[in-house]
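Analysis of the macromolecular model
Each chain, written out:
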Amino acid sequence: MTQIHQVSEFVFPYDAYRFPGQATDEKILYITREHKLFMWTRMFFVALIAVAIFLTSWVFSLAFKNIFAVSSFAFLFPITIALAGGFAAIGFWWVYSLWQKSLAILTNKRLTKIVYTTPFNRYNQSLPLEMVVDTSCNNQGFFEGIAHSTLQVGTLTARSSASSSGVATENNERVNKKYFYLENIRYCEDLQQYLNKILSVLRQSPAQLENFRPFIPYLKGEHREKFIEEYQKKTE
């Protein structure tokens, strides 16, 4: 089976995916990543730094060109290209790896996220659904505000009944236990409403969550119900 972080795009049905730590009776209702816009933005800044490295190296080589007996261009240009190109290649790989491996997951039991701080190190954070007090969808800062209005991107916040004291992760980062964040995800408001429905079902009839419909963000109302009915007929 393909590792879950190697999947380029998650589509319904979500039962084709498994994530580390998933319980046998745990059903994935939705799985997503941070919106690609934020990955491309980080790559843009990596490219800017690579250009700055190239220009700085080239200016430095021109300033000291008289030190070398060979042509400054022939000797230092390949080194300048190697420095800038090497930084860009490593930077792009680093940014893409963190984006691809970091996941946000909603199941019939919990909210969970897998966050990679380096391409090799990660920490997991989960919040059981029965501990969710309320939810909100907001955006932080000017850039995310634009993304929210144009691409339906936002940060889903679930307030927990746990203590507000922080806990330390593997990289010594402090995580506030009282608030659980799924950051920069698309269809944030729709997912919030869906999560509120789950919480209502959980409090009134928990057994119904075993067969609760998954979240399909690109379909609404009658179109969604028709899609699910057609899918169920195909699997019978």
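In this text, all values refer to a predicted model and were calculated from it rather than measured experimentally. (Residues numbered from 1 in each chain as written. Predicted model: local features only at pLDDT ≥ 70, side-chain atom pairs only at ≥ 80, totals over all residues. Heavy atoms only, no water.)

Time to look at the pattern of salt bridges. Using the criterion set out here, one finds four salt bridges in the structure. With a shortest N-O distance of 2.8 Å, R42 and E34 are connected by a salt bridge. On the accessibility criterion, E34 (18% relative accessible area) is buried. (Salt bridge = Lys/Arg side-chain N within 4 Å of Asp/Glu carboxyl O. Buried < 20%, exposed > 50% of the residue type's maximum accessible area, 1.4 Å probe, protein only.)

Quick look at the packing of aromatic side chains now. For the coordinates displayed, the defined rule picks out ten aromatic pairs. When the ring of Y179 is compared with that of Y181, the centres are 6.4 Å apart and the planes differ by 20°; the resulting orientation is stacked. For Y179, a relative accessible area of 32% corresponds to the partly exposed category. Taking the relative accessible area as the measure of exposure, Y181 reaches 29% and is therefore partly exposed. Seen in terms of ring centroids, Y194 and F212 are 5.8 Å apart; in terms of plane orientation they differ by 55°. Their pairing is tilted. One end of the pair, Y194, is in helix α4 (residues 188-204); the other, F212, is in the loop between α4 and α5 (221-235), with 18 residues separating them in the sequence. Each member of the pair, Y194 as well as F212, is classed as buried. (Phe/Tyr/Trp six-rings, centres within 6.5 Å; stacked < 30°, edge-to-face > 60°. Helix = DSSP H or I, 4+ residues; strand = E, 2+ residues; numbered from the N terminus.)

Glancing now at the sheet that holds strand β9 (residues 179-186). Overall, antiparallel pairing links the three strands, which are arranged β5-β6-β9 in an open sheet. Since the sheet does not close on itself, it has two edges, and those belong to β5 (132-138) and β9, each with one partner. Ignoring which end each strand starts from, the neighbouring axes of this sheet average 15° apart. Taken together, the six bridges between β5 and strand β6 (residues 153-160) define a ladder with antiparallel strand orientation. What sits directly across from C137, in β6, is L156. Packing against the sheet, α4 makes contact with β5, β6 and β9, and its axis sits at approximately 170° to β5. (Pairing = 2+ DSSP bridges. Axes fitted to C-alpha atoms, helices over the stretch in contact; angles between N-to-C directions. Contact = heavy atoms within 4.5 Å.)

With that out of the way, let us pick up the confidence of the model for the protein. A residue-level look at the protein finds 74% of positions with pLDDT of 70 or above and a mean pLDDT of 79. Under a pLDDT of 50 for its full length, residues 164-175 has, in the predicted model, 19 contacts with residues more than four places off or in other chains. (pLDDT = per-residue confidence, 0-100.)

Before going further, it helps to examine the state of the cysteines. Within this structure, the stated rule accounts for one disulfide. One disulfide bridge connects C137 with C188, the sulfur atoms lying 2.1 Å from each other. Pair noted here: C137 is in strand β5 and C188 is in helix α4, with a separation of 51 residues, a long-range link. Neither C137 nor C188 differs from the other in exposure class; each is buried. (Disulfide = S-S within 2.5 Å.)

The strand order across the open sheet formed by four strands is β1-β2-β3-β4, and the pairing between neighbours is antiparallel. Edge positions in the open sheet fall to β1 (28-32) and β4 (122-128), since each of these has one partner strand only. Across the sheet, the mean angle separating the axes of adjacent strands is 15° when strand polarity is ignored. Note: strand β2 (residues 103-107) against strand β3 (residues 110-116), four bridges, orientation antiparallel. By the bridge assignment, L103 is partnered in β3 with I114. Each of β1, β2 and β3 is contacted by α4, which is oriented at about 30° to β2, the strand it contacts most.

Examined against the element boundaries, V46 turns out to sit in helix α1 (residues 36-63). Overall, V46 belongs to the buried group, its relative accessible area being 10%. Each C-alpha atom of the pair V46 and V95 lies 8.8 Å from the other, and the pair is 49 residues apart in sequence. With near-sequence residues (within four places) excluded, V46 lies in contact with F87, A88, G91, F92 and V95.

Quick look at the side chain of T157 now. Within the element layout of this structure, T157 appears in strand β6. Those residues within four positions of T157 in sequence are excluded, and the remaining contacts are D134, T135, S136, N138, Y179, F180 and Y181.

With phi around 55°, N184 is a residue other than glycine that occupies positive phi space. Checked against the element boundaries, N184 lands in strand β9. Even without a glycine there, the phi angle at Y187 is positive, about 60°. Among the structural elements, Y187 can be located in the loop between β9 and α4.

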